Amino acid sequence: MRSVTLSRFLIEEQRDKNVISPDLRLLIEVVSRACKAISIAIGKGSLAGVLGSAGSDNVQGEVQKKLDVISNEILLDANEWGGHLAGMASEEMELPHAIPNRYPKGEYLLLFDPLDGSSNIDVNVSVGTIFSVLRCPEGMDPNEQAFLQPGTRQVCAGYAVYGPTTLLVLTLGDGVNVFTLDREFGRFVLTQGDVKIPEETREFAINASNSRYWEEPVKRYVDELLAGKDGPRGQDFNMRWVASMVADVHRILSRGGIFMYPIDSKTRAQGGKLRLMYEANPMAMIVEQAGGAATDGRRRILDIQPEKLHQRVPVILGSKREVERITSYHGQ
Ligand code: AHM
Ligand code: MG
């Protein structure tokens, strides 16, 4: 069987299906090359001295790992000169990054979490890159305001997961495709087309150490799962928590399940734990495109009108029926 590389897939989406513009194709190619470079940096680990803290905090007040900073630099350098972008924004930067004047500008806005789950990096557990693409509103400078568009406006979203293999998961708004990095040839190859999240699930993901802070609907939902065969659900459920959103979401994409980082009394003041623009929105688009659902417990994530670039939100996503169930508990 002939393998379909990411390049071929994108050319066909552009030429034959008219799903993407040449600039969006270039953008995805460039992001995928940056993910390859990040994957190589992560793979070297201690040999290249890239593990450990960078000795700085990011805008969210979190300790930056060296690889957070390196991954951010790789994405910025790769994307600023191609002419496809109006601007970029990152979890690691307080303000949007303007394209330097010496380069041409394009119509797209790129947002990313360069290295999600980076607290796992020093213990050799999967981490990833999450990205989201919007159009810069016509006539607007790519300032913070230009980025504040609901997730329904995303033209593309994806993540790379750096695990035993490096995968790139991509949606252009017409389904979800998974590409595996062929390390020998240095290219991504389509390995799963039109992925769908199984509707039935017996697996859930939540950081249970926060249970004493949860709201009543979350407690009720998790208690029912934990009651197993003898409880109202009449079956046993298994729990998994990698603490890397990319890895947890990828497991759900592969075999179903529900992922929850709900609002609780610990994170209420800041609105939740995960970031709307470059974590929740791209993951919500991917999950919906794979037949799942994503809410903040009350609203569809993709409908939320963002107010701030680094806004945080509660996140509940995965197999549709489970997400609907816990969302309905919030309404009761
Ligand atoms: P990060 O972007 O700073 O890595 O934080 C996001 C991560 C998610 O990947 C993961 O789901 C969550 O934080 C884990 O949180 P906790 O440490 O509370 O389990
Ligand atoms: Mg993150």
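Remember, predicted model here, so these are calculated numbers, not experimental data. (Residues numbered from 1 in each chain as written. Chains lettered and ligands numbered in written order. Predicted model: local features only at pLDDT ≥ 70, side-chain atom pairs only at ≥ 80, totals over all residues.)

All residues in the neighbourhood of ligand 1 are listed as Glu62, Glu91, Asp113, Asp116, Gly117, Ser118, Ser119, Asn207, Ala243, Ser244, Met245 and Tyr261. Tallied by class, the residues present in the shell around ligand 1 amount to 3 nonpolar, 5 polar and 4 charged. Each of domain 1 (6-192) and domain 2 (203-330) gives at least three residues to the shell around ligand 1. (Near = placed C-beta within 6 Å. Nonpolar A, V, L, I, M, F, W, Y, C, P; charged D, E, K, R; others polar. Domains from an automatic or database assignment.)

Across the interface, helix 2 (residues 22-44) lies against helix 3 (residues 66-79) with an axial gap of 9 Å and an inter-helix angle of 150°. Relative to helix 3, the element helix 2 is oriented roughly antiparallel. In this structure, the crossing between helix 2 and helix 3 has a hand that is right-handed. On helix 3, the residues that touch Val30, Arg33, Ala34, Ala37, Ile38, Ala41 and Ile42 of helix 2 are Leu67, Ile70, Ser71, Ile74, Leu75, Ala78 and Asn79. Split into classes, the residues belonging to the contact of helix 2 with helix 3 amount to 11 nonpolar, 2 polar and 1 charged. (Axes fitted to C-alpha atoms, helices over the stretch in contact; angles between N-to-C directions. Helix = DSSP H or I, 4+ residues; strand = E, 2+ residues; numbered from the N terminus. Parallel < 35°, antiparallel > 145°, perpendicular 65-115°, else oblique. Left-handed = near helix turned anticlockwise from the far one by under 90°. Contact = placed C-beta atoms within 7 Å.)

Attention now moves to the domain arrangement of the chain. For the chain, the assigned domains are domain 1 (6-192) and domain 2 (203-330). Domain 1 and domain 2 are separated by 23 Å when their C-alpha centres are compared. Contributing elements (two or more residues each) for the side of domain 1 that touches domain 2: strand 5 (108-116), strand 6 (127-135), helix 4 (144-147), strand 7 (156-162) and strand 8 (166-171). The element best represented in the side of domain 1 that touches domain 2 is strand 6, accounting for 5 residues. Split into classes, the residues belonging to the side of domain 1 that touches domain 2 amount to 16 nonpolar, 15 polar and 4 charged.

Now for the sheet that holds strand 13 (residues 258-261). Ordered by their spatial adjacency, 5 strands build an open sheet running 12-11-13-17-15, and the pairing between neighbours is mixed. Only two strands of the sheet have a single partner each, and these edge strands are strand 12 (238-239) and strand 15 (293-295). Note: strand 11 (residues 203-205) against strand 12, 2 bridges, orientation parallel. The partner of glutamate 203 across the bridge, within strand 12, is asparagine 238. (Pairing = 2+ DSSP bridges.)

Turning next to unusual backbone geometry. In this structure, asparagine 124 takes a positive phi of about 60° despite not being glycine. Relative to the elements of secondary structure, asparagine 124 occurs in the loop between strand 5 and strand 6. Even without a glycine there, the phi angle at alanine 243 is positive, about 75°. Relative to the elements of secondary structure, alanine 243 occurs in the loop between strand 12 and helix 6 (245-255).

Now for the pairing of strand 10 (residues 187-192). As judged from the 5 bridges shared by strand 9 (residues 176-182) and strand 10, these two strands associate in the antiparallel manner. Each residue of the ladder has a partner; that of aspartate 182, found in strand 10, is arginine 187. Hairpin geometry of strand 9 and strand 10 is characterised by an intervening segment of 4 residues between the two adjacent antiparallel strands and by a positive phi of about 70° at glycine 186.

Among the 6 residues of strand 8, 6 are classified as buried, and the element is accordingly described as predominantly covered. By the alternation rule, side chains of strand 8 split into Thr166, Leu168 and Leu170 and Leu167, Val169 and Thr171, which are all buried. Both strand 7 and strand 8 contribute to a ladder of 6 bridges, which runs antiparallel. In the strand pairing of strand 8, glycine 158 is matched with leucine 170. (Buried ≥ 20, exposed ≤ 12 C-beta atoms within 10 Å, placed from the backbone.)

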